[in-house]
Amino acid sequence: MKKLGLAVLAGLLAILTACGGGSMGIPPPLSPPTTVNATVAVDTATTGSFDVALSTSFQPAEWDYQFFQTSLNAKMTLLGNLQPHHIRLQGISQGVPQGLQGTTSTNWDFTILDEITQPVLTVGDNSPQFQVAKAPPFMYVNNDSSNSFSDLSFQQFAAYSQDLVRYYNKGGFTAPDGFHGSPSGLPIQWWGIYNEPSINNNLNAAEYTTMYNAVVPKMQLVDSSLKFVALELCCSSENWVSTFARGVTAPVDVVAAHYYSSCDQRDTDTQVFATVPGFAFSVQTIYGLLAANPNLANVPVWITENNVNADFDKGGGISACNGSNFVTDRRGSSAFFAAWRPYVFSQIGKAGATALYHWDFDADTQFGEVDFSTGRPQLSYWVDYWLAQMFPAGSGQKVLHFSNSDNSAIEVLPVLNTDGSVVIMISNHAVASASDNNGMGEVAKVSVDVSALGSFASATQLMIDSTTSAGKGPGSPVSISHQSPIAVTINGYGVAILELQ
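Along each chain, residue indices are assigned from 1 in the same order as the chain's sequence is written. Local features in this predicted model are restricted to residues whose pLDDT is 70 or higher, and side-chain atom pairs enter the listing and the counts only when it is 80 or higher, whereas totals over whole chains, interfaces and linings include all residues. Derived side-chain values reflect all non-hydrogen atoms in the structure, with water molecules and hydrogen atoms excluded from consideration.

Chemist: What should I look at first to understand the overall build of the protein in this one?
Modeler: A run of H or I in DSSP becomes a helix once it reaches four residues, and a run of E becomes a strand once it reaches two; helices and strands are each numbered from the N terminus. Helix and strand content of the protein: 10 helices and 22 strands. Each principal axis of the C-alpha atoms in the protein carries an extent, and together these give about 70 × 50 × 45 Å. We call a residue buried when its accessible area falls under 20% of the maximum for its residue type, exposed when it is over 50%, and partly exposed in between, using a 1.4 Å probe and counting protein chains only. Each of the 501 residues in the protein was classed as buried or not, and the buried ones make up 58%. Residues count as neighbours in contact if any of their non-hydrogen atoms are within 4.5 Å of one another. Taking as baseline every contact in the protein between residues at least 6 positions apart, the subset at least 24 positions apart corresponds to 77%. When charges are counted, neither His nor the chain ends are considered; positive counts come from Lys and Arg and negative counts from Asp and Glu. Where a charge sits is defined by one atom per residue type, namely NZ (Lys), CZ (Arg), CG (Asp) or CD (Glu). If you average the places of the 20 positive and of the 39 negative side-chain charges in the protein, the two averages end up 2 Å apart.

The following block contains the structure:
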């Protein structure tokens, strides 16, 4: 599945993390599982709130727009069951509804964009986030959307953005080529202003701030109810926040960042897992830099793109990130993901991020929650589904204080619900061998002491690991003994979620 980095973006989006290493060729044989032991004790003290909304993404473009043209009801059901918050829409290439690459055309055509956008408007919270990811080609030097903007006052881009708002929210608009209006009339409230400006179109932080200050007020003139997502950072560009915080004058409702653990399939499991604490540190860095502007001190941070590997085939089987032969990184949908995504979810949530978006919904085994060609769920789908079920956004969960004898291999997220029940997530990211790449992981035997929490009447456990059916998921949580300590065994990479009532 060709996912033009949306940002070619991603690619380079190596995300503050390590981006290389390993050797190409036949992967080494997987190491047999060994065992890691850990002791976890949870007590009644709370250390803060946990509130992370899970969501997903689409990239309307000529390689993606056909997804909903078949099996619409089944695909919409799968999407809706994720309970996604503000699904992200990122139209690029022919998904940009005005102009044509390499020409001065200003004609409009919403066909490709709306093949994805119109169904998404009717699912989940019915409130997607539309990222104005690119401008029409004629707004760039030589009518080439990979070049610099011709107008660095961004008034042209602001006018284009106004027409997008008119199309979806105000019944349409009339252009030289005729009238254009959204067929559903369903409005879009959330808007992201450009995609990964730190690696696109030779922008710098000051120019992006000028763009934001030009575009947002013009869009508000069309619809004053709009909400705005700023920056969409990638590639260790947190320093842009300082410039933006000093210079922004337009309203900011969210600041967003993108985090991938790798841009090279050759990176080992150890290298990939090692990047996750850096995501949390970067979230904290962003909050710290925003606080310099009192108007931004309470602005939340969303992670609007997240996956294991940002690399993609740029054509001819060549990696966009490193120029070697492209290899699909199946860790995006294997048992590895069942350990990695819960680890990310826990770390960034404890750091204060309030949304985590999968990149992206309909793709291949590297990126997709659902297979683009078949419409069938992958293991990654069930990981995200159950995280949303067990840690629902806005539910008032509090993180419980705990100790963990092996933080290097086991991630623990214990939360207290408002009804007094407790949910404890245990992610096993113990790597069996330093050379493993999509390995099996070690068996984890975890003893969970919950005696300090008092007595419970029942306990259940949900497990997602290499034995979980991608098509059917793990099924419902199963009853286990609620007597402390609770013994949990995770057979390799995976996650166990306990619920005590």
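Chemist: Would you take a moment to explain helix α10 (residues 379–390) for this structure?
Modeler: Given a helix with a known number of residues, its expected span is that number minus one, times 1.5 Å. Between its terminal C-alpha atoms α10 stretches 17 Å, which fits the 16 Å expected from 12 residues at 1.5 Å a residue. In terms of burial, α10 is a largely internal element, 11 of the 12 residues being buried. Of all the residues in α10, the buried ones are Leu379, Ser380, Tyr381, Trp382, Val383, Asp384, Tyr385, Trp386, Leu387, Ala388 and Met390.

Chemist: Whenever I open this one, the sheet that holds strand β4 (residues 88–90) confuses me. Can you help?
Modeler: The strands making up a sheet associate through backbone hydrogen bonding, with each pair oriented either parallel or antiparallel. With parallel pairing, the nine strands of this open sheet are ordered in space as β2-β12-β11-β10-β9-β8-β5-β4-β3. Each edge of the sheet is formed by a strand with only one pairing partner; in this case those strands are β2 (53–55) and β3 (57–58). DSSP-based pairing: two strands are paired if at least 2 bridges between them are found. Relative to strand β8 (residues 190–193), strand β5 (residues 129–132) runs parallel, the two sharing four bridges. In the strand pairing of β8, glutamine 129 is matched with tryptophan 190. Most of the contacts of helix α3 (residues 111–120) go to β4, to which it runs at about 170°, and overall it touches β3, β4 and β5. For helices, the fitted line uses only the C-alpha atoms of the stretch in contact; every axis is such a line through C-alpha atoms, and the angle between N-to-C directions lies from 0 to 180 degrees.

Chemist: Would you take a moment to explain the packing of helix α6 (residues 240–247) against helix α8 (residues 276–290) for this structure?
Modeler: Helix-helix packing is characterised by the crossing angle of the two axes and by the distance between the axes. Running from amino to carboxyl end, α6 crosses α8 at an angle of 25°, the nearest separation of the two axes being 9 Å. By the criterion of interaxial angle, the relationship of α6 to α8 is roughly parallel. Seen from above, α6 lies across α8 with right-handed handedness. Touching Val241, Ser242 and Ala245 of α6 are Ile286, Leu289 and Leu290, all from α8. Residues are grouped as follows: nonpolar covers Ala, Val, Leu, Ile, Met, Phe, Trp, Tyr, Cys and Pro; charged covers Asp, Glu, Lys and Arg; every other residue, Gly included, is treated as polar. Tallied by class, residues from the contact of α6 with α8 come to five nonpolar, one polar and no charged. Should an angle fall under 35 degrees it is taken as roughly parallel, and over 145 as roughly antiparallel, whereas 65 to 115 is taken as roughly perpendicular and any remaining angle as oblique. Each helix crossing is assigned a hand: it is left-handed if the near helix lies turned anticlockwise from the far helix by less than a right angle, otherwise right-handed if that turn is clockwise.

Chemist: Would you mind showing me how to read unusual backbone geometry here?
Modeler: Glycine aside, residues mostly have negative phi, and peptide bonds are mostly found in the trans state. In this model, tryptophan 359 is joined to aspartate 360 through a cis peptide bond whose omega is -15°. Structurally, the position occupied by aspartate 360 is in the loop between β12 (355–357) and β13 (362–363). Proline 485 follows serine 484 through a cis peptide bond whose omega is 0°. With respect to the helices, strands and loops of the structure, proline 485 is situated in the loop between β20 (478–480) and β21 (486–491). Of note, asparagine 201 is a non-glycine position whose phi angle comes to about 60°, a positive value. Although it is not a glycine, asparagine 438 sits at a positive phi angle of roughly 60°. The topology assignment puts asparagine 438 in the loop between β17 (422–428) and β18 (443–449).

Chemist: Teacher, can you tell me more about the state of the cysteines here?
Modeler: Simply put, disulfide is the name for a covalent bond between the sulfur atoms of two cysteines. Any two cysteine sulfur atoms lying within 2.5 Å of each other are counted as a disulfide. In total, this model carries two disulfides according to the counting rule given. Disulfide pairing is shown between cysteine 234 and cysteine 235; the S-S distance is 2.3 Å. Here the disulfide of cysteine 234 and cysteine 235 is left-handed, its torsion about the S-S bond being about -80°. The exposure class of cysteine 234 is buried, given its relative accessible area of 1%. Bridging cysteine 263 to cysteine 321, the disulfide has an S-S length of 1.8 Å. You can see cysteine 263 sitting in the loop between β10 (254–262) and α7 (269–274) and its partner cysteine 321 sitting in the loop between β11 (301–309) and α9 (335–350), a full 58 residues away along the chain. Judged by relative accessible area, cysteine 263 falls into the buried class, the value being 2%.

Chemist: Hey, could you run me through the nonpolar core in this one?
Modeler: When a protein is soluble and globular, its nonpolar side chains tend to lie buried together. Counting 115 residues, the largest nonpolar core has Phe157, Trp191 and Tyr212 as its most contacted members. Looking at this core element by element, the count peaks at 10 residues for α9. Setting aside anything within four residues of it in sequence, one finds tyrosine 212 in contact with Ile193, Pro217, Phe228, Val229, Ala230, Phe244, Val248, Ala250, Pro251 and Val252. Each nonpolar core is a collection of buried residues, namely Ala, Val, Leu, Ile, Met, Phe, Trp, Tyr and Cys, held together in the definition by side-chain atoms within 4.5 Å. Judged by nonpolar contacts, the second largest core, of 26 residues, contains Val412, Ala430, Val446 and Leu453.

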